[in-house]
Every structure is written in C-alpha cells, then in structure tokens.
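These are the residues of each chain, in order.
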2 protein chains.
Amino acid sequence: MELITELQEIVGTNRVTAEPSELYCYSSDASQVRGTPDYVVRPKNTEQVSRILKLANKYGIAVTPRGAGTGLAGGAVALSGGVVLDLSGMNRILEVDIGNLQVAVEPGVVHAKLNEALNPHGFFFPPDPGSSAMCTLGGLIANRGSGMRSVKYGTIKNYVLDLEVVMAEGTVINTGSRTLKSSAGYDLNALMVGSEGTLGIITKALLKIHPLPKSRSLLLASFEGAEMAGKAVVRVLAGGIIPSACEILDRTTIEVLNAYDPNVALPDSDTIILFEVDGTKSGVQEEAEMVKSICKPFASSISIAADEQERNEIWTARRLVGAAISRLDPKMTRVYVGEDIGVPIKEIPNMLKRLRLISQKFDTQIMTYGHIGDGNLHTGMCIDVLDEKQWELLNRAADEIHRTAIMLGGTVSAEHGIGSARAEYMRLERGPALNVMAAIKHALDPKGILNPGKLGI
Amino acid sequence: MELITELQEIVGTNRVTAEPSELYCYSSDASQVRGTPDYVVRPKNTEQVSRILKLANKYGIAVTPRGAGTGLAGGAVALSGGVVLDLSGMNRILEVDIGNLQVAVEPGVVHAKLNEALNPHGFFFPPDPGSSAMCTLGGLIANRGSGMRSVKYGTIKNYVLDLEVVMAEGTVINTGSRTLKSSAGYDLNALMVGSEGTLGIITKALLKIHPLPKSRSLLLASFEGAEMAGKAVVRVLAGGIIPSACEILDRTTIEVLNAYDPNVALPDSDTIILFEVDGTKSGVQEEAEMVKSICKPFASSISIAADEQERNEIWTARRLVGAAISRLDPKMTRVYVGEDIGVPIKEIPNMLKRLRLISQKFDTQIMTYGHIGDGNLHTGMCIDVLDEKQWELLNRAADEIHRTAIMLGGTVSAEHGIGSARAEYMRLERGPALNVMAAIKHALDPKGILNPGKLGI
C-alpha cells in the first residue's frame, strides 16, 4: 500500500495532502529556513498521532511537528522531506481548573486564546511571547518560549505540569501529573520542553496558571545611552525589585514605534527602559516609587503611564516592534537572524556596546529591543533582500553577534529555539553537553525520525 | 593494583576508607534503608570525582553519591556495595554574584549556610527544606527538594542555572549557563535535578537567587476540621493570593509543638493553617487582610503574628515538627515511611479524610503537617519499633497512603525523592514514562554504575 493511502486511512482522505501548492505553504516558518515535506498530515487526536508515528517509525520517514509556523529558527521546517504533522487543528481548551491552578489544552491552542479564557476567572498564563496572537502553545512549549514577563514569572518550563507525548515508536506517555510538585524520577516535563519535537510529539498539556495581579504600573525611563540604561537595570534588580517586565527600546526602535503609531508618542531619546511592576495596589505604588528613585541618577527622564489605557497602548506598540521595523524604509526588509541572544545581566551594557561596534563593522543597521531584565536582547536587522552583498554582511554580523554572546557566557537563543538556523553554534555554546543530548536523542528515537536536522545533534 | 590503592592515588590515603566501623556510619540515611559500601571516598574536587568515575566505570563498580545523609528514601545508601562518594567536604561557596542574581556553590554547602551568606546582600535562596540546618545543596538538587516556600517560589528546579556534572564515564559537562534563560537544546539542568545521582555526579552548581522581601506577615487560622481548612486554602489560592508559605498542622502536631516549646502557645484547635505573605510593606498588609477575609467564613479564629520575633518562633517550631514528634510518647519512634505524598490541591480535603480512615483501619496514629499550599502533605507515624506487629501495620498503612495519593492523581514523593524506599510505586505512578527514564539512564550510564537500585529503573 502506498504511504499516502496508509496516512489517509489513519486521518481521513481530506487531512492528508501531497499537492505541491499546499506543500509549498508548509515549506517555511518565520525564519529563512526552507524545506518541503512530501506530505502534510493534519491529525485530530492523540491516537492518530500515535498511528502516524508507528507508520513513520516502521518506514524510517521523517516527521516534523508544526503549530502556527511562527518559529524563528526553522524548527517546524522539514529538512529531510517526509511528513509535516500540522497540529494546529488540535486546538481545544479541554479544561479550566481554577481550584487546581491549572488548565488542560491541546497543542494547537493559540496563546492569546488561553488568556482570553482565563481572564474572566481572574487568572492568566504568565509566559507572554510577542507572537501571542498567532503562536500555539505546543510551539511555545517545544521551543521553551517565554516573553517579556519571564523576568518575574519565569519561562514556560515553570508552568508545565504534565504533557501527553507520543514517543517515536508510537507509545503515549505522560511526563508529569496534576500535582504542583513531584520528586518522582526524572523531570520528563522539562526534558520535552525545548526539545523542538525531536524527542516526541506533544498532544496535550497541563499548564499551571497564576492569579492576575490586582494592579500594574508601567514606568518609562529615558537614558542618554544604552550602557547607562543597562546599568540602571542591573541596579534595580540588585536593589531587590523584580519587575513583571523590563524591556529595552533603542533609538531606532523608538523612532519606528512613533512612526508606526503617533498616539504612542514615546519620548525622543537614545534608549528607553519600560519597567512594569505588578502586585497589590499599594505594593505596586511602593515598588514603582522604588524603581523611580533607583533610576533617577541614571535617567534623563522618568514617567509613569497615567492609566490602563496608556499602559495598553505602549504594550501593544511594543508587541508590534518586530513587524513595525519594516516601516523604517520601504526598500528594507527585517530578516530574522541572530535575533535572540541572551547574556548574563551584568554583561548587558557590554553586549550593547559590542552590538554598536558590530553594526559599524558590517555596515548593517542593528536595532535592539527585548527583555533586558533577563538578559535577552532581540537584535533587528534590515536589509534590501535583493542585494547579495547586504545578505553577506548581514550573515557575518549575525555570526559575530552569536559568537560574542557565547563569549560573554550567554546563549544564541534565549527564547526562540535553535532549529536549524542556530544549530551550528550548539557545539561552541554547549560543549560536551551536546554529546549527552545526542545520546538521549538516540536512546528515545533510534531511527532518527523526529524532526531530523535540528538542534545540532 | 588493588582498587583501594587506586582510589588512594586519586584522593590521598586519608580520604579513602574500608574500615567496617567507618563504613557502618555510611550504611544508612534518615530512612529505613540500609546498605554498606565497600569503600567511602571523600573527593576534594571535580578532577578527583572524574578520575574515580573513570575507574569505577572501567571495573563496573557502583558509585553512590552522598551529601549530609539527611535523605528520607535511601537515595544516598549503597545497595550494591562499591563506593560511597562523600561530597560533604566539597563545601565552598565559590561566588556570590548579586549583579547576575546568582551564586556558585560546591555540592557539599549546607543549605542554611548559603542563606547566611546571602542575607547581608538583601538576597535569599528561596527553596526552604525543613532540614535546612543540615542538608547539602547537592542533595537538595539531586532530590528536587523544595520546602515550605515552594507554593510561591517554586522548587529547586526553578533555581538551577547550571550544573557541573561528572558523567558515568568521567566526562565533565556543564548542563546550563550563566544566563537566566536559554532555549539552546535539551534542559539538562532539569534532567539532573531530581535524578538522585543516577545520571551523573554534581560537582558545582550555579543557582539563581532572589531579593529578600521587604516585609512578611504570618496569619494563623484555626479550623474545626481538616476538610474545612483544606477548603479555605483552595479558596485563598483561587481567590488570587499566592502565599509565600501555606502550612497545615493537625491536632496532634499542634499538641506536639505546644509540648515541645510552651512559648509557641498555638491555639488549642483541630487544625491550624499558617499563611505567610511577603512583598512590600503595604502590599503585605493588603494581602494579609485579604487572606483574613477569605478565611473568615471557614475559620474558628484567625490571628496575625505580632512581630518578627513571634513569626520566627512559630517557624522555628514548625521546622522541628519532624523531630518533636518523638516527644509524643517516649516509647514511640517516628518512622519515616509514606511521609511525602502530594495531591492536586482540590483533593487535599479528600486526602485528609482518607488519611483519618487509614489511621483507624491500621490502628496507627497519623499526624499530618506540611506544605498544603502545593498539595504536599507530610504524614508522621510513630510506632514502638520493637513491636513487629506495629511495623507490619505501619507498612500496610504507608502502602495504602501511597496508593491513595496516586489514585487521586498525586505522587508518592512531592519533595523527598524516590530512592529505594518508594521505588516500587514508580511503575504505578509514572506508567510507561518509567521506560523512557530507563532508556535515558541506560544511554547515559550503560554499565549502570551510578547509584544502582534507585528510582525503580
């Protein structure tokens, strides 16, 4: 029997495709990585995923799981043909269980939808990616995503209580349980989080949720230079305040946002840090005052967003930076490479300085924004994509950005994942730990069918 | 060459022993598990650990790592002879790095010593085991420990940024980095946390630290019954307050504590819940009032500790429960079995009811205390250890406690670890996930030299 027929028997005729025009739609994510699968299969439930993996394992066919395709490292792109498993249709919120502080979801649930469902209960799901309106929870888990609230609330790994995972040979396991903590053996939850579909396919997730803070306050501090801003951040954290968000916007980013939405009207300055604090009403006021007084010696101006509306406007604009950059110059296109470095907090001023030098050296504009509070800097580079020379400079600049981050004790990916786009740096960053990862991969997927070519293993 | 000579060449003559009297001291931890090693070796650094493992791997000799020996499941007990690796001498705090929100420690550092070192900087290390004054950080990491502050701050897994680990064949790896977050491949930090020395030997840890809260408040709420208390806890959490501690003391525990230290003077009631909230000064007052008003319909009385001294007295007493139980009756001894279950929060009232029934059924007194805020209940059972019949009833009661916790979606160990004492429940609790753990174990330690006989794998 032909493979397509076997796949159709599992999921139904209309849920398998091998049409080139459809396959083309699945041949990329939001990165530069390209690869066309032989089939796209859209399973509806765990049992179908299990049967598909049994089949793929029998024939040694590559299986690449995919959510919304918003990934920035090629994680969802099939590099060796085979099957792309489109899980975006498994998108039900199965249970909102406030009493147990948890929700059960299918992997295709879009991040923002979960928070919409939790809001009426006075709860929220803290990991907060910029792509909230599009990305799926399965993708967020598989890439160990986080976002601007991780400085206080941690990354998604702190919120995964249990995953239903289909292993390479089709077995279904649960990696955790409904309890909020357990010391019963290896932390398979955490092992699956960030494994980018190379160890198993997530078909269900039990996620811890958090009460919505009663109050939030947003401070906007302007600085004459990025290093000065970086110092203020280090002081705030070392001074005992963990903001619920701590974001940096550099001069170009500020210009872009003001151009994109004049209502936002960010102050015209070299660097802005957005400090958000949350908690009880009085606690928030107290902390906001503390941030203000710590920043004062460093900042050229500090203001506090007047109300929720102003706060929301600023955050909405901040979320759109990635896209808004394209407004900078109509000929230029934002290219996502080298965009997700992380460094130890104290190295932030140093990294910012080096980014300026790299920008000069390769004659490529580098905007910097991101989650400075946990050392995660997003570097936005724009080029004329029809100009080969600019491509070359861009790639060389990105290479130097990656190597600099590693040299400073940092990482080439703080939250977007490695995929294939950053795979070449894994040996340099992780050293012999990469062999341990490869051994685990081989033990759990001996035929190597699960998302081959990713993570540098 | 004899093995002992080879070991002596690595660590020096006086750091290896095969004397029966000394080996006897290493033949148990704080559990009922017993096993005598052939050698005790006390390495001083990573290189020595690496050479010992190379040797052990060559000859296929079991290696059991050990910290302070305060474990409650036999994790540090050698079941197959071989070498006990006593890491308590590797006890230096290597670096306190406030700016990067982290500390570097050797595995033998005693937990309380770390907090002593951090306090002057206005920082603390949130995981807070009852055995703080004795247990080592290596043991805490290896058992995925936590304690009474995990309800708000999470378990130790949220605080491990990087571990230096010697793998079975002697290779030294780093499982993470100095950055606060990273998406660069499998989460080997988390894989090592809770692996109980079965995957590698931790020789250094980089741990995230947290600013000390500016203020704390402790509420003491008395209830007419445990189920009522359980309901109040569920309401507080679902009402949007995450206390920094949320502890339950049952009637017997209250009596024991009052007998142990009359200054504590806990109210004479059936069940007490201690709610601690922390944060800014005003925020803490606000939250304490909220907890009070949520508890009011359920509680028979609620009071707030007057000052820091009263708060410290209560917490000091609470920490001593485990030991103080022996005051109950001079003929009776506390036996640590079935003492660390965890259940989903909503099942707490149900579990408390079932514990009462199990106590009656097996005619064994069961005291209950513990971290009710994250579903972790410690059950204290005392018997006359010279009475075989009481041993039998105790073990049958413990067995039923474990099976009940699993049946309610819970775990046989929320924070103490599995070791060999709870290994028989791993299949029931973890199902086919246990095979995945076994596959990982086999891949990373093919000769099975690392802490054999633990975790049910």
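Since the model is a prediction, treat every value here as computed from it, not as a measurement.

**A few points about the overall build of chain A**
Within chain A, the secondary structure is distributed over 16 helices and 19 strands. The C-alpha radius of gyration of chain A comes to 22 Å, within 12% of the 23 Å expected for a compact globule of 457 residues. Principal-axis analysis of the C-alpha atoms gives chain A an extent of 70 × 55 × 40 Å. Within chain A, the fraction of its 457 residues that count as buried is 63%. Long-range contacts, defined as pairs at least 24 residues apart, comprise 71% of the intrachain contacts of chain A with a sequence gap of at least 6.

**Some thoughts on the packing of aromatic side chains**
Applying the stated criterion across every chain, the model contains four aromatic pairs over all chains. Sitting above the plane of the Y336 of chain A ring, R334 of chain A keeps its charged end 3.9 Å from the centroid.

**Observations concerning the interface of chain A and chain B**
In many analyses, interface size is given as the accessible surface area lost on bringing the parts together. Each partner contributes to the interface: chain A provides 89 residues, whereas chain B provides 89 residues. With both sides pooled, the region where chain A packs onto chain B buries about 6700 Å², and carbon together with sulfur makes up 60% of that total. Among the residues of chain A in contact with chain B, K181, S183 and Y186 of chain A are the three that bury the most area, contributing 15% of the side total. For the pair chain A and chain B, the interface holds eight salt bridges. One salt bridge in this structure joins K346 of chain B and D97 of chain A, with 2.8 Å as the shortest N-O distance. Run the count over chain A and chain B and you get 41 residue pairs in polar contact (both at pLDDT 80 or more). Of all elements in the fold, only β9 (172-174), α7 (188-192), β11 (210-211), α8 (226-238), α10 (281-295), α15 (426-430) and α16 (433-444) of chain A reach the threshold of two or more residues within the side of chain A that touches chain B.

**A closer look at the relation of the copies chain A and chain B**
Superposing chain A onto chain B takes a rotation of 180° plus a shift of 0.0 Å along the axis, which leaves an RMSD of 0.0 Å. What the rotation and shift describe, once combined, is the action of a two-fold rotation axis. Among all residues of chain A, the one whose C-alpha sits closest to the rotation axis is G283 of chain A, at a distance of 2.0 Å.

**Remarks on the pattern of salt bridges**
Evaluation of the coordinates by the stated rule reveals 44 salt bridges over all chains. One salt bridge in this structure joins D374 of chain B and K181 of chain A, with 3.2 Å as the shortest N-O distance. Of this pair, D374 of chain B sits in the loop between β18 (366-371) and β19 (376-383) while K181 of chain A sits in the loop between β9 and α7, on two different chains. Since its relative accessible area comes to 5%, D374 of chain B is described here as buried. With relative accessibility at 5%, the residue K181 of chain A sits in the buried group. When the shortest N-O distance is used, the salt bridge between R216 of chain B and E276 of chain B registers 3.8 Å. Residue R216 of chain B is found in strand β12 (residues 215-223), and its partner E276 of chain B is found in strand β14 (residues 271-279); the two are separated by 60 residues along the sequence.

**Things to note about the pairing of strand β19 (residues 376-383) of chain A**
All names here are of chain A. Within β19, eight of the eight residues are buried, which leaves the element mostly enclosed by the surrounding structure. The side-chain alternation of β19 yields two buried faces, one formed by N376, H378, G380 and C382 and the other by L377, T379, M381 and I383. Sheet topology note: the strand β16 (residues 333-335)/β19 ladder contains three bridges and is antiparallel. Counted as the bridge partner of V335 is M381 from β19. Where strand β17 (residues 341-342) meets β19, two bridges bridge the pair, whose relative direction is antiparallel. Paired with I341 across the bridge in β19 is L377. The pairing of strand β18 (residues 366-371) with β19 spans six bridges and is antiparallel. Counted as the bridge partner of M367 is G380 from β19. With antiparallel pairing between neighbouring strands as the criterion, β18 and β19 make up a hairpin whose turn holds four residues, including G375 at a positive phi of roughly 85°.

**Looking at the nonpolar core**
With 192 residues, the main nonpolar core has L207, F275 and I440 of chain A together with L207, F275 and I440 of chain B as its most contacted residues. Leave out the neighbours within four places in its chain, and F275 of chain A touches S217, L218, L219, A221, V233, V236, P243, A245, C246, V291 and C295 of chain A.

**Considering the confidence of the model for chain A**
This prediction gives chain A a mean pLDDT of 95; 100% of its residues lie at or above 70. Across the predicted assembly, pTM comes out at 0.97 and ipTM at 0.96.

**Structural notes on the domain arrangement of chain A**
Residue and element names in this part refer to chain A. The assigned domain composition of chain A is domain 1 (3-86), domain 2 (93-211), domain 3 (215-324) and domain 4 (329-417). Each of domain 2 and domain 3 was reduced to a C-alpha centroid, and the two centroids are 29 Å apart. When the two sides are added together, the surface that domain 2 and domain 3 hide from each other amounts to roughly 920 Å², 48% of it contributed by carbon and sulfur. Between domain 2 and domain 3 we count three salt bridges in total. On inspection of domain 2 and its partner domain 3, the count reaches four residue pairs in polar contact (both at pLDDT 80 or more).

**Looking at the sheet that holds strand β4 (residues 83-86) of chain B**
Residues and elements named next belong to chain B. Spatial strand order, β1-β2-β4-β3: four strands in an open sheet with mixed pairing. The open sheet has two free edges, formed respectively by β1 (16-17) and β3 (63-66), since each of these has just one partner strand. Alignment of β3 against β4, held across four bridges, turns out to be parallel. For R66, the partnering residue across the bridge sits in β4 and is D86. Contacts between helix α1 (residues 3-11) and the sheet are confined to β1, β2 (39-41) and β4, with β2 contributing the most and set at about 10° to the helix.

**Some details on the side chain of H378 of chain A**
Residues and elements named next belong to chain A. With respect to the element layout, H378 can be found in strand β19. Judged by its relative accessible area of 5%, H378 falls in the buried class. Of the polar contacts made by the side chain of H378, one reaches the side chain of E415; its length is 2.8 Å. Leaving out residues up to four positions away in the same chain, H378 has contacts with R318, E339, D340, M367, T368, Y369, G370, H371, E415 and H416.

**Quick look at the sheet that holds strand β6 (residues 102-105) of chain A**
Residues and elements named next belong to chain A. Strands sit in the order β5-β6-β10-β8-β9 across an open sheet of five strands; the sheet is antiparallel. The open sheet terminates on both sides in strands that have one partner only, identified here as β5 (93-97) and β9. Taken pair by pair, the neighbouring strands of this sheet meet at an average axis angle of 10°, ignoring direction. Pairing geometry for β5 and β6, over four bridges, is antiparallel.

**Regarding the state of the cysteines**
Residues and elements named next belong to chain B. Counting across every chain of the model gives zero disulfides over all chains. The thiol of C246 is not disulfide-bonded; the next cysteine sulfur, from C295, is found 8.3 Å away. According to the relative accessible area criterion, C246 is buried, its value standing at 1%.

**Digging into the packing of helix α8 (residues 226-238) of chain B against helix α13 (residues 348-361) of chain B**
A packed helix pair is summarised by two numbers, namely the angle formed by the two axes and the spacing between the axes. Residues and elements named next belong to chain B. For the pair α8 and α13, the least separation of the axes is 8 Å and the interaxial angle reads 160°. When the axis of α8 is compared with that of α13, the two are roughly antiparallel. The element α8 and its partner α13 pack so that their crossing is right-handed. Across the interface between the two elements, A226, E227, G230 and K231 from α8 touch I348, P349, L352, K353 and R356 from α13.

Quick notes on the rules
Residues numbered from 1 in each chain as written. Chains lettered and ligands numbered in written order. Predicted model: local features only at pLDDT ≥ 70, side-chain atom pairs only at ≥ 80, totals over all residues. Heavy atoms only, no water. Helix = DSSP H or I, 4+ residues; strand = E, 2+ residues; numbered from the N terminus. Rg over C-alpha atoms; globule rule 2.2 N^0.38 Å. Buried < 20%, exposed > 50% of the residue type's maximum accessible area, 1.4 Å probe, protein only. Contact = heavy atoms within 4.5 Å. Phe/Tyr/Trp six-rings, centres within 6.5 Å; stacked < 30°, edge-to-face > 60°. Lys NZ or Arg CZ within 6 Å of the ring centre and 35° of its normal. Buried area = accessible area lost by both parts, 1.4 Å probe. Salt bridge = Lys/Arg side-chain N within 4 Å of Asp/Glu carboxyl O. Polar contact = N/O pair within 3.5 Å; in protein donor to acceptor, adjacent residues only side chain to side chain. Least-squares fit on C-alpha atoms with pLDDT ≥ 70 in both. Pairing = 2+ DSSP bridges. Core = buried A, V, L, I, M, F, W, Y, C linked by side-chain atoms within 4.5 Å. pLDDT = per-residue confidence, 0-100. Domains from an automatic or database assignment. Axes fitted to C-alpha atoms, helices over the stretch in contact; angles between N-to-C directions. Disulfide = S-S within 2.5 Å. Parallel < 35°, antiparallel > 145°, perpendicular 65-115°, else oblique. Left-handed = near helix turned anticlockwise from the far one by under 90°.

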